[in-house]
Number of protein chains: 2
Amino acid sequence: MSRWEPGARERLGGAALDLYAAKGFEETTVAEIAQAVGLTERTFFRYFADKREVLFAGSELLEQQFVDGAAAAPNDADPIDVVKAAVAASAEYFPEERRAYATKRAVIIAANPPLMERELRKMSTLAEALVAALKNRGIHDPTATLAAQSGVTVFRVTFAQWIAAGNDRSFIDIEQDVFAELGTLTGPNR
Amino acid sequence: MSRWEPGARERLGGAALDLYAAKGFEETTVAEIAQAVGLTERTFFRYFADKREVLFAGSELLEQQFVDGAAAAPNDADPIDVVKAAVAASAEYFPEERRAYATKRAVIIAANPPLMERELRKMSTLAEALVAALKNRGIHDPTATLAAQSGVTVFRVTFAQWIAAGNDRSFIDIEQDVFAELGTLTGPNR
DNA sequence: GCGATCAATGTCAGTAACTGTCATCAGTCT
DNA sequence: AGACTGATGACAGTTACTGACATTGATCGC
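My aim in this report is to walk through the structure given alongside it, one point at a time.

The rules behind these values
- Residues numbered from 1 in each chain as written.
- Chains lettered and ligands numbered in written order.
- Predicted model: local features only at pLDDT ≥ 70, side-chain atom pairs only at ≥ 80, totals over all residues.
- Heavy atoms only, no water.
- Helix = DSSP H or I, 4+ residues; strand = E, 2+ residues; numbered from the N terminus.
- Buried < 20%, exposed > 50% of the residue type's maximum accessible area, 1.4 Å probe, protein only.
- Contact = heavy atoms within 4.5 Å.
- Areas by Shrake-Rupley, 256 points an atom, 1.4 Å probe, with all protein chains shown as cover.
- Lys, Arg positive; Asp, Glu negative; His and termini not counted.
- Charge placed at Lys NZ, Arg CZ, Asp CG, Glu CD.
- Salt bridge = Lys/Arg side-chain N within 4 Å of Asp/Glu carboxyl O.
- Polar contact = N/O pair within 3.5 Å; in protein donor to acceptor, adjacent residues only side chain to side chain.
- Axes fitted to C-alpha atoms, helices over the stretch in contact; angles between N-to-C directions.
- Parallel < 35°, antiparallel > 145°, perpendicular 65-115°, else oblique.
- Left-handed = near helix turned anticlockwise from the far one by under 90°.
- Nonpolar A, V, L, I, M, F, W, Y, C, P; charged D, E, K, R; others polar.
- Expected span 1.5 Å × (residues − 1).
- Least-squares fit on C-alpha atoms with pLDDT ≥ 70 in both.
- 1 Å grid on protein atoms, 1.4 Å probe; cavity = no way out; pocket = protein on both sides within 12 Å on 5 of 7 lines; lining within 4 Å.
- Points joined across faces, edges and corners; volume = space filled by probe spheres on them.

Each helix and strand counted, chain A has nine helices and zero strands in total. Overall, chain A shows an N-to-C arrangement of helices and strands of α-α-α-α-α-α-α-α-α. By principal-axis analysis of the C-alpha atoms, chain A measures approximately 60 × 35 × 30 Å. Across the 190 residues of chain A, 48% fall into the buried class. When contacts within chain A are restricted to residue pairs at least 6 apart in sequence, those whose partners lie at least 24 apart make up 65%. As displayed, chain A has an accessible area near 9,500 Å², and 52% of this comes from carbon and sulfur atoms. Computed over 21 positive and 27 negative side-chain charges, the separation of the two mean positions in chain A equals 6 Å.

Residues and elements named next belong to chain B. Along the chain, K51 falls in the loop between helix 3 (41–47) and helix 4 (59–72). Comment: no salt bridge for buried K51; closest opposite-charge side chain is E26, at 5.7 Å. Within the local environment of K51, its side chain forms a polar contact with the backbone oxygen of T28, the two atoms lying 2.7 Å apart. For K51, the contacting residues outside a window of four places in its chain are Y20, F25, E26, T28, V30, F44 and F45.

What follows covers the packing of helix 7 (residues 113–136) of chain A against helix 8 (residues 141–162) of chain A. Residues and elements named next belong to chain A. Contact geometry of helix 7 with helix 8 gives a least axis separation of 8 Å together with a crossing angle of 135°. Taken together, the axis directions place helix 7 and helix 8 in an arrangement best described as oblique. For the crossing formed where helix 7 meets helix 8, the hand is right-handed. On helix 8, the residues that touch M116, L120, M123, L126, A127, L130, V131, L134 and K135 of helix 7 are D141, A144, T145, A147, A148, Q149, V152, F155 and R156. For the contact of helix 7 with helix 8, the residue count by class is 13 nonpolar, two polar and three charged.

The end-to-end C-alpha separation of helix 5 (residues 79–90) of chain B is 17 Å, in line with the 16 Å expected for twelve residues at 1.5 Å each. Of the positions making up helix 5 of chain B, those classed as buried are P79, I80, V82, V83, A86, V87, A89 and S90 of chain B. For helix 5 of chain B, the elements touching its buried residues are helix 9 (171–186) of chain A together with helix 4, helix 7 (113–136), helix 8 (141–163) and helix 9 (171–186) of chain B.

All names here are of chain A. In this structure the tally under the stated criterion is 26 salt bridges over all chains. Ionic pairing is found between D141 and K135, a salt bridge with its closest N-O pair at 3.4 Å. On the basis of relative accessible area, D141 is assigned to the partly exposed category, the value being 33%.

Here we come to the interface of chain B and chain A. Contact with chain B, which involves 32 residues of that partner, is made by 32 residues of chain A. Across the salt bridge formed by E117 of chain A and R52 of chain B, the nearest N and O atoms sit 3.2 Å from each other. Scanning the region where chain B abuts chain A turns up nine residue pairs in polar contact (both at pLDDT 80 or more). The element best represented in the side of chain B that touches chain A is helix 8 of chain B, accounting for twelve residues.

Okay, the relation of the copies chain B and chain A next. Screw-axis analysis of chain B against chain A gives a translation of 0.0 Å along the axis, an RMSD of 0.1 Å, and a rotation angle of 180°. What we have between these two chains is a two-fold relation.

Further remarks concern the environment of T158 of chain A. All names here are of chain A. Mapped onto the fold, T158 is located in helix 8. In this structure, the C-alpha to C-alpha distance between T158 and Q176, residues 18 residues apart in sequence, is 8.9 Å. Those residues within four positions of T158 in sequence are excluded, and the remaining contacts are F171, I174, E175 and V178.

As a volume, the second largest pocket reaches approximately 1,200 Å³. Among the elements of the structure, helix 7 and helix 8 of chain A together with helix 1 (8–23), helix 4, helix 6 (99–111), helix 7 and helix 8 of chain B are those that each provide at least two residues to the lining of the second largest pocket. The greatest single-element share of the lining of the second largest pocket, amounting to eight residues, is contributed by helix 8 of chain B. Taken together, the residues of the lining of the second largest pocket sort by class into 26 nonpolar, ten polar and twelve charged.

Within the element layout of this structure, E117 of chain A appears in helix 7. Judged by relative accessible area, E117 of chain A falls into the buried class, the value being 1%. Counting along the chain gives 25 residues from E117 of chain A to P142 of chain A, while the straight-line C-alpha distance between them is 25 Å. Those residues within four positions of E117 of chain A in sequence are excluded, and the remaining contacts are R52, E117, R118 and R121 of chain B.

Below you can see the structure in the form of structure tokens.
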């Protein structure tokens, strides 16, 4: 038997989510989270940079999906198609099994401005990664940023619908529609 | 003569900007800002909710410009045209005289993740206001959010170019181009 | 099998952001 | 003159976060 219970990081993450849900983000103290899993505040901060970050572990994986998806697009793809490929690849990150967890997490974030800020920054990081991928393909800056931001917007709208009550469509299914809607929004008129 | 120097809020804002620029955001203490203008830390927090917010005073005015601009669009305008009107109206908030100040502020924000988070939230609030304006016109949700977010994206890209070195075009001028670019991005291909 | 080393954690002290509460006091009102 | 107000100060308290050092079961080299 090892000296400590394994999976400290995961246990801390779970306790944080539960406590934030049960008594609110601001009302929950880092010391409480740590105590709930038999650790100390100091250890929490060894695993997570701050009290918010604990809800965003794994966001690098999502970013990786985006980047890989973009890389997989054909060499001569238009900017918007590269972005579509990236966002489509992200669907892998959201299988049905994860919907309940994702919803619980999203509710907490939406209810707390500080968490919302962190979420927005993560989305911004995602967009930056996409911009870099586009620039690697020789697409320059007004276009690259516009395309990347549009992709992230589609992603966010898709996610919101995916976790919306009374919805049972798959992530990738919704995403197709949202992209189509974006096309009709800016395209056909004049 | 009154008991205190007038304009406490403005003095605090000015000192904060200068200190953040001179020695960095994290390295500047709220007590320092207050001392610099002969006040106490406590008074700072009576004017600003937190250390970041001091750089975002007046953002309600920008939001008002957006909303007013949207309201001024013709009744039968397409979603994208309502958004164009809103973003166009925002140009009023950025006359040439303000470019130097806006640049200094933007540099500080870009260099500090916590400030970037706040900036992103303000942009998100802007988008929310636009969504509300669009919904008032009977435009529903996937479309409303997509349109509003696209508008804010155009706004951000425009702003970035406006303050970019070696650029002397007006805000509204750049904005036209960026909107056009967005159109060609999603429109013509297929 | 034994001492050196390691890795995950604990302990403790310190800083700074933010909050609540009450005191102060120049100017204004009646 | 006395009551009142509104902007500020003084002060104590909580909590997020950091740096430095101590602890100890497990492991590795020999």
